[in-house]
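An overview of the molecular structure
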2 protein chains.
Amino acid sequence: MTRLPCEVEVLHRIRPREEERACLDGVARQLVAAIDREGPARGMVVGSVARSTWLSGDRDLDIFLLFDPSLTREELEAQGLALARRVAARYASSYHEKYAEHPYINASIDGLDVDLVPCFAVESAARIKSAVDRTPFHNMYIATRIPDLVDDVLLLKQFAKGAGVYGSDQMTEGFSGYLCELLVLHYGGFTPLLQAAVAWRPGTCIDLAGHACKAFDEPLRVVDPVDPARNVAAALSLTRMCEFVEWCRGYRERPSVAFFFPPVQEPFTREEFASRLEERGTRLHALSFATPPLIPDIVVPQLRRSLEALCGLLSRGGFVVHQAEALMGEEHSLLLFELLVDTVPPVVRHTGPPVWDPENAGKFTEKYRKNRLSGPFIVDGRYHVELLRRFTDAGVLLRSPEVLSVGLGKHVKREMERGWEVCEGVDCYRDEWAGFLSRFIEPASPLARMGRQGVGDTAGE
Amino acid sequence: MTRLPCEVEVLHRIRPREEERACLDGVARQLVAAIDREGPARGMVVGSVARSTWLSGDRDLDIFLLFDPSLTREELEAQGLALARRVAARYASSYHEKYAEHPYINASIDGLDVDLVPCFAVESAARIKSAVDRTPFHNMYIATRIPDLVDDVLLLKQFAKGAGVYGSDQMTEGFSGYLCELLVLHYGGFTPLLQAAVAWRPGTCIDLAGHACKAFDEPLRVVDPVDPARNVAAALSLTRMCEFVEWCRGYRERPSVAFFFPPVQEPFTREEFASRLEERGTRLHALSFATPPLIPDIVVPQLRRSLEALCGLLSRGGFVVHQAEALMGEEHSLLLFELLVDTVPPVVRHTGPPVWDPENAGKFTEKYRKNRLSGPFIVDGRYHVELLRRFTDAGVLLRSPEVLSVGLGKHVKREMERGWEVCEGVDCYRDEWAGFLSRFIEPASPLARMGRQGVGDTAGE
């Protein structure tokens with residue numbers, strides 16, 4: 001495999017060093033042995049450590065506790081958590097319970113971030129009882145096929161990180177580690193993958209095991225070789241997919257280390273932010289509240305739903321939304337609205353029933369006999385009246401209890417019922433949100449952002 | 001036929017008096033005799049005078065000149081106009097040529113407004129060579145059937161006038177005289193018509209001759225008994241139809257003379273207009289220019305088309321149109337826009353090609369490499385950039401030559417190329433437009449307008 005000079009340089013930086021490998025392997029072996037000794041489960045190292053596809057500096061270790069599949073789900077949870085706790089109690093400097101589909105233990109051991117995850121040791125991937133049961137099969141599938149392509153997986157993971165599209169969590173909506181491994185396997189390496197990816201389009205299907213693509217809806221369809229009903233790229237959004245495609249095009253035109261390690265983006269200062277905002281001339285409104293104490297994969301979709309619901313509220317109120325984004329911060333979450341119009345005249349048209357529905361027409365004209373500005377009048381066969389709006393200012397609307405009446409996510413609503421803050425214009429700026437606000441106020445694809453710094457425009461190294 | 005007291009009162013006012021009838025008949029007879037004498041055409045009185053269905057005070061007389069159908073169109077026009085001119089020259093105090101489908105002569109004779117219209121004397125309505133050839137057949141159809149229902153037609157015409165829905169011209173989009181006659185014939189009188197009309201809905205079909213309703217598109221379908229391919233109510237808009245339905249409902253609830261002779265609407269003074277505008281909080285923009293020197297049926301549709309095209313221009317520019325109306329004035333025509341938003345921030349999003357179309361994507365990102373505010377960035381798989389708007393003020397846009405680039409009607413465009421004026425807010429007020437502006441700024445159906453003056457709310461006489 002011919003490597004470009006920049007790729008050789010990158011590999012030197014991202015290949016785990018011998019002492020890292022020894023440390024991770026040592027901890028992993030110790031924990032597996034402890035689990036096997038304790039019984040009744042069997043320990044198994046999974047994830048990138050098991051497949052040697054982790055990037056130097058990563059400190060994550062996934063250990064699965066495989067239990068007899070004849071247990072009930074409740075028994076698995078009780079026995080699994082108890083066993084994981086016993087192991088963690090012996091080796092970890094600290095640990096706590098987390099929850100995905102099942103509860104599991106997240107522990108800090110010798111400076112590593114270790115997940116101890118109970119699952120069922122099912123016979124085949126077709127018999128899984130919960131999503132985590134699939135992981136050992138992924139592990140086997142990749143571990144037996146990947147050895148010659150480990151460097152390619154490392155390059156792809158770092159390349160995706162450089163583009164900001166690595167991670168299948170709800171905030172990133174990008175490429176998981178397993179997806180990176182499958183892509184490298186399918187195309188036979190990093191370079192042929194990039195060559196193919198520049199021509200990806202929505203609906204592209206990759207089917208390693210020849211299961212035949214079933215009707216997935218997602219923009220990229222990668223049939224899981226261990227479970228044909230599952231799209232490994234289900235979490236990948238169309239935007240992230242396209243940003244990756246563009247990143248590949250940019251790299252193939254002018255390859256450079258910067259695609260793996262892009263220059264750090266300095267966020268705008270308050271003054272720079274104010275000047276950008278003035279240039280745009282838009283009206284910024286931010287709604288902030290305490291972040292619900294739950295994992296991002298639960299909170300982020302609720303923030304997105306709340307954002308969409310509030311955009312609807314604003315639009316129905318006559319305000320014009322230019323763009324809106326949500327941020328799940330450590331302490332405070334943010335719903336940010338950039339409006340083209342944040343004050344509207346008092347008059348609003350209200351559409352009533354058709355004239356040929358005399359009963360409802362009568363109710364309508366009776367209802368608005370008083371308190372109307374004009375009408376009733378008839379347009380396209382329907383009654384209309386003009387009324388005075390309740391809210392002529394978006395800031396007042398966003399501070400009003402109306403906000404709680406739209407379809408907010410459950411936990412978002414719970415936090416907001418305790419109160420929320422609204423700020424406007426440059427007052428939305430806070431240091432903790434500076435990076436998010438900067439990307440918001442000057443949207444650019446990863447390639448455009450790098451190009452603006454002059455990196456994508458110069459020849460590769 | 002039982003008449004309500006108010007109907008009896010109205011009939012006293014609208015039935016032509018004996019001297020009116022004598023005058024009209026005298027002039028008509030004289031003109032027909034002159035035409036017959038001159039040859040080669042035969043004269044015929046048509047329209048409401050021929051059927052005795054004209055309203056007292058109407059001074060319109062329609063005389064047709066029936067020519068041999070073996071003439072060519074050109075011969076008809078030449079010979080027809082020559083004959084009409086000779087007749088007019090002898091009897092009229094003044095006359096001039098007008099143009100509908102054919103040219104004809106409009107003359108002022110003994111204080112009457114007389115149309116002298118050449119047409120082909122075809123054998124049957126199925127053989128007409130132009131729309132005017134149908135009129136003599138309408139005349140025959142109505143004249144033989146209407147004698148017992150003349151009062152009902154008079155009441156209906158005056159009732160429709162009261163609602164502002166009488167007239168099938170392009171400005172009114174209401175009920176023609178012939179349509180009123182057919183409706184009275186079909187339902188057997190004014191009262192049963194009103195009883196039926198309150199239940200009309202779009203698609204209602206009235207088919208006097210049992211021709212079976214063909215697939216007309218218009219909201220009310222009245223099959224012409226002399227030509228089944230023609231909808232007599234084709235010019236009636238859904239709004240005018242519904243306003244008539246509502247007017248019927250209002251009258252049946254509280255019958256009164258006011259439905260035939262509604263109180264005169266005093267237009268708003270400039271001060272009242274300013275105060276209404278302030279209450280609404282909207283931004284008014286008016287564009288005015290010399291009225292094209294053509295008949296309303298040609299100019300009005302062009303004004304409407306221009307209005308729609310300019311609404312599109314405004315919307316594409318980010319401005320929010322609340323309502324818009326066109327007025328064809330004697331000297332100046334007016335395109336009036338009430339905007340919710342007439343200034344917008346400079347930033348505007350521009351959508352480009354999908355990322356998976358590399359050729360166009362490349363052109364797009366190249367094109368906006370400079371002169372962009374932000375981007376390119378990817379939303380839903382497509383490239384976007386943010387640019388600076390050319391127009392952030394609707395008034396500036398409406399004064400710019402952009403206005404001439406949209407789909408204005410031909411004659412409207414020709415006039416506007418000589419110049420147009422834009423005024424804003426209360427400066428749009430002019431005495432000649434006061435009535436139009438008043439109805440615009442406080443829209444109301446005819447019934448609502450009357451109700452506001454307390455007439456519709458009180459018991460009938």
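For clarity, every value in this text was computed on a predicted model and none was experimentally measured.

Counting secondary structure elements, chain A contains 16 helices and 15 strands. Overall size of chain A, expressed as C-alpha extent along the three principal axes, is 80 × 60 × 45 Å. If you take every contact in chain A between residues at least 6 apart in sequence, the share linking residues at least 24 apart comes to 66%. Within the structure as shown, chain A displays about 20,100 Å² of accessible surface, and the carbon and sulfur contribution to it stands at 49%.

Take the relation of the copies chain B and chain A next. Its rotation angle being 180°, the transformation that places chain B on chain A also includes 0.0 Å of axial translation and leaves an RMSD of 0.1 Å. Put plainly, the chains are arranged around a two-fold axis. When C-alpha distances to the rotation axis are compared across chain B, the minimum falls at Val341 of chain B, with a value of 3.8 Å.

What follows covers the domain arrangement of chain A. Residues and elements named next belong to chain A. Structurally, chain A comprises domain 1 (5-133), domain 2 (147-259), domain 3 (270-344 + 391-441) and domain 4 (347-388). Each partner contributes residues to the interface: domain 1 has 18 residues there, and domain 2 has 18 residues. Between domain 1 and domain 2 the total buried area reaches about 1,500 Å² when both faces are included, carbon and sulfur atoms providing 63% of it. In terms of surface lost to domain 2, no three residues of domain 1 exceed Glu7, Thr53 and Leu55, which account for 34% of the buried area on that side. Linking domain 1 with domain 2 are three salt bridges, by the criterion used here. We note a salt bridge from Arg15 to Asp151, for which the minimum N-O separation is 2.9 Å. Our enumeration of links across domain 1 and domain 2 arrives at five residue pairs in polar contact (both at pLDDT 80 or more).

Turning next to the confidence of the model for chain A. Residues and elements named next belong to chain A. Averaged over all residues, the pLDDT of chain A equals 93, while 98% of them reach at least 70. A low-confidence stretch, residues 455-461 (pLDDT under 50), is modelled with 20 contacts involving residues beyond four sequence positions or located in other chains. For this predicted complex, the interface confidence comes out at an ipTM of 0.90, alongside a pTM of 0.87.

Attention now goes to the interface of chain B and chain A. With 48 residues of chain B in contact, the opposing surface of chain A contributes 48 residues. Overall, the association of chain B and chain A removes approximately 4,000 Å² of surface from exposure, summing both partners, and the carbon and sulfur fraction of that is 59%. Ranking the residues of chain B by area buried against chain A places Arg280, Trp356 and Ile378 of chain B at the top, with a combined share of 15%. The salt bridge involving Arg280 of chain A is made with Glu386 of chain B; its shortest N-O contact spans 2.5 Å. Where chain B packs against chain A, one counts 16 residue pairs in polar contact (both at pLDDT 80 or more). Those elements giving two or more residues to the side of chain B that touches chain A turn out to be α9 (238-253), α10 (270-280), β10 (320-328), β11 (332-341), β12 (347-354), β13 (374-379), β14 (382-388) and α16 (446-452) of chain B.

With that settled, consider the packing of helix α11 (residues 296-316) of chain B against helix α14 (residues 410-417) of chain B. Residue and element names in this part refer to chain B. Viewed as axis vectors pointing N to C, α11 and α14 meet at an angle of 75°, and their least axial separation amounts to 8 Å. One finds that α11 runs roughly perpendicular with respect to α14. Where α11 approaches α14, its residues Ile298, Gln302, Leu303 and Ser306 are matched on the opposing element by Lys410, His411 and Val412. In terms of residue class, the contact of α11 with α14 is made up of three nonpolar, three polar and one charged.

All names here are of chain B. The interhelical angle for the contact between helix α6 (residues 150-163) and helix α8 (residues 190-197), taken along N-to-C directions, is 45°, at an axis separation of 9 Å. Judged on the interaxial angle alone, α8 and α6 are oblique. Where α6 abuts α8, its residues Asp152, Leu155, Leu156 and Phe159 lie against Phe190, Leu193 and Leu194. Along the lines of polarity and charge, the residues of the contact of α6 with α8 split into six nonpolar, no polar and one charged.

Here we come to the pattern of salt bridges. By the definition in use, this model includes 54 salt bridges over all chains. Notably, a salt bridge pairs Glu386 of chain A with Arg349 of chain A, separated by 3.1 Å at the nearest N-O pair. Taken together, the residues span a long stretch of sequence, with Glu386 of chain A in strand β14 (residues 382-388) and Arg349 of chain A in strand β12 (residues 347-354) at a distance of 37 residues. Between Arg304 of chain B and Glu173 of chain B there is a salt bridge, with the nearest N and O atoms lying 3.4 Å from each other. Of the two residues, Arg304 of chain B is situated in helix α11 and Glu173 of chain B in the loop between α6 and α7 (177-187); the sequence distance between them amounts to 131 residues. Through salt bridges that share partners, Arg280 and Glu338 of chain A together with Arg349 and Glu386 of chain B make up one connected network.

Quick look at α10 of chain B now. Residue and element names in this part refer to chain B. Every buried residue of α10 is accounted for by Phe273, Leu277 and Arg280. Down the axis, α10 shows its buried residues gathered within 60° of arc, on one side only. Residues of α10 that are exposed and point more than 90 degrees away from the buried face comprise Glu271 and Glu278. In the stretch just after α10, Gly281 is the one whose phi turns positive, near 75°.

Between two cysteines, a covalent bond joining their sulfur atoms is known as a disulfide. All names here are of chain B. Taken as a whole, this structure holds zero disulfides over all chains when the rule is applied. Of the cysteine sulfurs around Cys311, a residue in no disulfide, the closest is that of Cys428, at 14 Å. Cys311 gets classed as buried once you look at its relative accessible area, which sits at 17%.

Right, let's talk about the sheet that holds strand β8 (residues 227-231) of chain A for a bit. Consider a sheet: its strands pair through backbone hydrogen bonds, and that pairing is either parallel or antiparallel. Residues and elements named next belong to chain A. Ordered in space as β6-β7-β8, the three strands form an open sheet in which the pairing is mixed. For this open sheet the edge positions go to β6 (204-207) and β8, each flanked by a neighbour on one side alone. On average, each strand axis in the sheet is inclined to that of its neighbour by 25°, with strand direction left out of account.

What follows concerns the side chain of Arg389 of chain A. With respect to the helices and strands, Arg389 of chain A occurs in the loop between β14 and α13 (394-399). Glu386 of chain A provides the closest opposite charge to the buried, salt-bridge-free Arg389 of chain A, at an N-O distance of 9.4 Å. Leaving out residues up to four positions away in the same chain, Arg389 of chain A has contacts with Gly317, Gly318, Val344, Pro345, Pro346, Val347 and Val348 of chain A together with Leu340 of chain B.

On the surface, Leu294, Ile295 and Ile298 of chain A cluster together into a nonpolar patch covering about 190 Å² of accessible area. With respect to the helices and strands, the residue Ile298 of chain A is situated in helix α11 (residues 296-316).

Definitions and cut-offs
Residues numbered from 1 in each chain as written. Chains lettered and ligands numbered in written order. Predicted model: local features only at pLDDT ≥ 70, side-chain atom pairs only at ≥ 80, totals over all residues. Heavy atoms only, no water. Helix = DSSP H or I, 4+ residues; strand = E, 2+ residues; numbered from the N terminus. Contact = heavy atoms within 4.5 Å. Areas by Shrake-Rupley, 256 points an atom, 1.4 Å probe, with all protein chains shown as cover. Least-squares fit on C-alpha atoms with pLDDT ≥ 70 in both. Domains from an automatic or database assignment. Buried area = accessible area lost by both parts, 1.4 Å probe. Salt bridge = Lys/Arg side-chain N within 4 Å of Asp/Glu carboxyl O. Polar contact = N/O pair within 3.5 Å; in protein donor to acceptor, adjacent residues only side chain to side chain. pLDDT = per-residue confidence, 0-100. Axes fitted to C-alpha atoms, helices over the stretch in contact; angles between N-to-C directions. Parallel < 35°, antiparallel > 145°, perpendicular 65-115°, else oblique. Nonpolar A, V, L, I, M, F, W, Y, C, P; charged D, E, K, R; others polar. Buried < 20%, exposed > 50% of the residue type's maximum accessible area, 1.4 Å probe, protein only. Arc of directions from axis to C-beta. Disulfide = S-S within 2.5 Å. Pairing = 2+ DSSP bridges. Lys, Arg positive; Asp, Glu negative; His and termini not counted. Patch = residues over 30% accessible without salt bridge, like charges linked within 9 Å, V, L, I, M, F, W, Y side chains within 5 Å.

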